[in-house]
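Below, each chain spelled out in residue letters.
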Amino acid sequence: MTDHIVIIGGGPGGYEAAHVAAQLGAQVTVVDTDGVGGSAVLTDCVPSKTLIATAELMTDMSTAQELGVNFHDHQGDAATTISVDLARVNARVKQLAADQSTDIAARLDRDGVRVVTGRGRLGPDLTVVATTADGEETLQADAVIVATGAAPRTLPSAQPDGERILTWEQVYDLTEVPEKLVVVGSGVTGAEFASAYLALGIDVTLVSSRDRVLPGEDADASAVLEDVATRRGMKVLSRSRMQSVTREGDEVTVTLTDGRTVTGSHCILALGSVPNTADLGLEEAGVAVDDAGFITVDRVSRTSARGIYAAGDCTGVLMLASVAAMQGRIAMWHFLGDAVAPLDLKKVSSNVFTSPEIATVGWSQQAVDAGEIEAEVVTLPLAGNARAKMQGVRDGFVKLFCRPGTGIVVGGVVVGPRASELIHPVSVAVAESLTADQLAHAFTVYPSMSGSVAEAARRLHHV
Ligand SMILES: Cc1cc2nc3c(=O)[nH]c(=O)nc-3n(C[C@H](O)[C@H](O)[C@H](O)COP(=O)(O)OP(=O)(O)OC[C@H]3O[C@@H](n4cnc5c(N)ncnc54)[C@H](O)[C@@H]3O)c2cc1C
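Residues numbered from 1 in each chain as written. Predicted model: local features only at pLDDT ≥ 70, side-chain atom pairs only at ≥ 80, totals over all residues. Heavy atoms only, no water.

Asker: Run through the overall build of the protein, naming residues and quoting values.
Answerer: Per the secondary structure count, the protein includes 14 helices and 24 strands. Taking 463 residues into account, the globule formula puts the C-alpha radius of gyration at 23 Å, and the protein, at 24 Å, falls close to it. Among the 463 residues that make up the protein, the fraction classed as buried is 48%. Counting contacts in the protein only where the partners sit at least 6 residues apart, residues at least 24 apart contribute 62% of the total. Only carbon and sulfur atoms are counted for the fraction: they give 49% of the accessible area of the protein, which is about 21600 Å². Positive and negative side-chain charges in the protein, numbering 35 and 57 respectively, have mean positions lying 5 Å apart. (Helix = DSSP H or I, 4+ residues; strand = E, 2+ residues; numbered from the N terminus. Rg over C-alpha atoms; globule rule 2.2 N^0.38 Å. Buried < 20%, exposed > 50% of the residue type's maximum accessible area, 1.4 Å probe, protein only. Contact = heavy atoms within 4.5 Å. Areas by Shrake-Rupley, 256 points an atom, 1.4 Å probe, with all protein chains shown as cover. Lys, Arg positive; Asp, Glu negative; His and termini not counted. Charge placed at Lys NZ, Arg CZ, Asp CG, Glu CD.)

Asker: Mind laying out the pattern of salt bridges, listing which residues take part and the relevant values?
Answerer: Following the criterion strictly, the structure yields 21 salt bridges and no others. Arg 418 is the salt-bridge partner of Glu 56, the closest N and O atoms lying 3.1 Å from each other. Separated by 362 residues along the polypeptide, Glu 56 in helix α3 (residues 45-62) and Arg 418 in the loop between β24 (409-416) and α11 (419-422) bring together distant segments of the chain. Residues Asp 395 and Arg 231 are paired through a salt bridge, measuring 2.7 Å at the closest nitrogen-oxygen approach. Residue Asp 395 is located in the loop between α10 (386-390) and β23 (397-402), and its partner Arg 231 is located in helix α6 (residues 219-231); the two are separated by 164 residues in the primary sequence. On the basis of relative accessibility, which here comes to 52%, the residue Arg 231 falls in the exposed class. (Salt bridge = Lys/Arg side-chain N within 4 Å of Asp/Glu carboxyl O.)

Asker: Give a detailed account of α6, specifying residues and quantitative values.
Answerer: Taking 1.5 Å per residue as the helical rise, α6 with its 13 residues ought to reach 18 Å, and the 18 Å between its terminal C-alpha atoms agrees with that figure. The secondary structure elements touched by the buried residues of α6 are α5 (188-199), β13 (235-237), β21 (357-362), β23 and β24. Measuring from the side-chain oxygen of the N-cap residue of α6 to the backbone nitrogen of Asp 220 gives 3.0 Å; that N-cap residue is Asp 218. Note on α6: the residue one or two positions beyond its end, Gly 233, has a positive phi of about 110°. (Expected span 1.5 Å × (residues − 1). Polar contact = N/O pair within 3.5 Å; in protein donor to acceptor, adjacent residues only side chain to side chain.)

Asker: Residue-level account of the packing of aromatic side chains, with values.
Answerer: Summed over the entire model, instances satisfying the criterion amount to two aromatic pairs. Considering the side-chain rings of Tyr 309 and Phe 335, the 6.1 Å spacing of their centres and the 80° angle between planes classify their relative orientation as edge-to-face. With a gap of 26 residues between them, Tyr 309 in strand β19 (residues 308-310) and Phe 335 in helix α8 (residues 321-335) connect regions that are remote in the sequence. With relative accessibility at 26%, the residue Phe 335 sits in the partly exposed group. (Phe/Tyr/Trp six-rings, centres within 6.5 Å; stacked < 30°, edge-to-face > 60°.)

Asker: Any chance you could break down the site of the ligand for me, citing the residues and the numbers?
Answerer: The immediate surroundings of the ligand are formed by 36 residues, with Gly 13, Thr 33, Gly 120, Asp 313 and Ala 321 found nearest. Contact between the ligand and Ala 40: an oxygen atom at 3.0 Å from a main-chain N or O atom of the residue. Asp 313 is positioned with one of its side-chain polar atoms (N or O) 2.8 Å from an oxygen atom of the ligand. Considering the ligand on its own, with 1000 Å² of exposed area, one finds that the protein chains cover 92% of that surface. Residue assignment for the shell around the ligand shows that the elements contributing at least two residues are α1 (12-23), β2 (27-32), α2 (38-42), α3, β5 (114-123), α5 and α8. For the shell around the ligand, a count of residues per class yields 15 nonpolar, 15 polar and six charged. (Near = heavy atom within 4 Å. Nonpolar A, V, L, I, M, F, W, Y, C, P; charged D, E, K, R; others polar.)

Asker: A description of the packing of α3 against α5 should follow, citing residues and the corresponding values.
Answerer: Each pair of packed helices can be described by the angle between their axes along with the distance between the axes. Running from N to C, α3 and α5 cross one another at 45°; their axes reach a closest spacing of 8 Å. For the element pair α3 / α5, the angle class is oblique. In the packing of α3 onto α5, the handedness of the crossing is left-handed. Two secondary-structure elements touch here, α3 through Ser 48, Lys 49, Leu 51, Ile 52, Ala 55, Met 58 and Thr 59 and α5 through Glu 192, Phe 193, Ala 196, Tyr 197 and Ala 199. (Axes fitted to C-alpha atoms, helices over the stretch in contact; angles between N-to-C directions. Parallel < 35°, antiparallel > 145°, perpendicular 65-115°, else oblique. Left-handed = near helix turned anticlockwise from the far one by under 90°.)

Asker: So, the environment of Ser 238: which residues are in play, and what are the values?
Answerer: With respect to the helices and strands, Ser 238 occurs in the loop between β13 and β14 (242-248). Residues Ser 238 and Val 213, spaced 25 residues apart in sequence, show a C-alpha to C-alpha distance of 7.6 Å.

Printed below as a string of structure tokens:
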């Protein structure tokens, strides 16, 4: 008999699970409110990286003169400034996100997956009740996946108005370049937006409650980022906790807990996320959540209720699209009896899309310093790399961690342009337990930034 899988939420956690389930012969229904692709495609990951593509181009252009390129205006006079048309940038962002959602919907359709537009909640005995424009539909399931994602956290004292006080979902409605932007929150999202808007030529102040930006990342990496950002003109207020954000006319005021104030024309709130787990009928269905409302899951995405799995941001495991997708796939491989390996967070590679980018995989410097794992560390600045010199790149490094006895690579950090691409060989080494020697022995192109990955590995050679 064919299993019926019902998935609540059409983001990467949901739609990737749907593909696997369909591939394994199940009948699949996805219930989604906002359009498949989820926040990842419509408001978060895809839009922000599309905006950042423009920011990267602006950063490259700023080094043009050093590489011997001049710009002229239409009268032939030297042009010293370039500017961005934010209305066009944002129109492109929204179109690209919508097209991506359409592509995903078409792929689901090709796989025979039914998509119901509406709000889903768990009913009794493995049912999902979908509330649609036409009324309610009860879907009987053999297994359910909850993949409802998360939403931007706001505070009663810092309420977005969609015009000048903005969540990250609202920035794409801007049609004019903000004169002075204050970004509150120096985690990944805050750092990415601050870095992107700085590159677009905007006056940016980053308000950070911690000692340094990106407190969760490698400390050497965040030091490079903070150094580059401040050199390019960003104001970083460390140890500055936001108390409230208010607006009067065209001015936004961020008041800090110590009484200081920061004013700007616009403010982006990057205060973290809250899971979309209210009103889902979780408690009645016996699905346990933690104090913050995240659904508790094991490493094969099972919740505490039989037949109910959960994937992605609503579990709070590691809030990445790639992890959401893997949790969704694992759930289906597990339920439908395919070969499955439990989720291993030590193999996840991730990237902060700032300028420079910060990519990491495996064990971290913090874990090594805390004695959680014994590892040798080598750090190689990119400034010595021939390709970097040619491209005018001075900031960044490659850092590798390997086990002292065996030389097995257990982690790495790359800081530099396109670090998200450069981390891949390290990621392969970590996933496949390759030794530093094995990583070093593979050919790299000369000249190339990846030559620094191999060089760092060579320096970990044991005699
Ligand atoms: C600004 C920003 C940038 C990011 N950039 C990256 C990046 O570059 N790389 C990366 O890997 N990750 C990135 N992330 C994280 C990534 O977006 C999330 O991890 C990912 O979206 C999680 O996928 P998901 O399937 O769990 O949920 P979502 O993508 O949030 O999808 C959940 C879907 O479920 C729907 N839904 C909610 N409740 C219901 C309901 N009751 N019934 C039906 N449907 C419902 C929602 O409307 C939504 O469409 C970024 C996050 C942010 C905020």
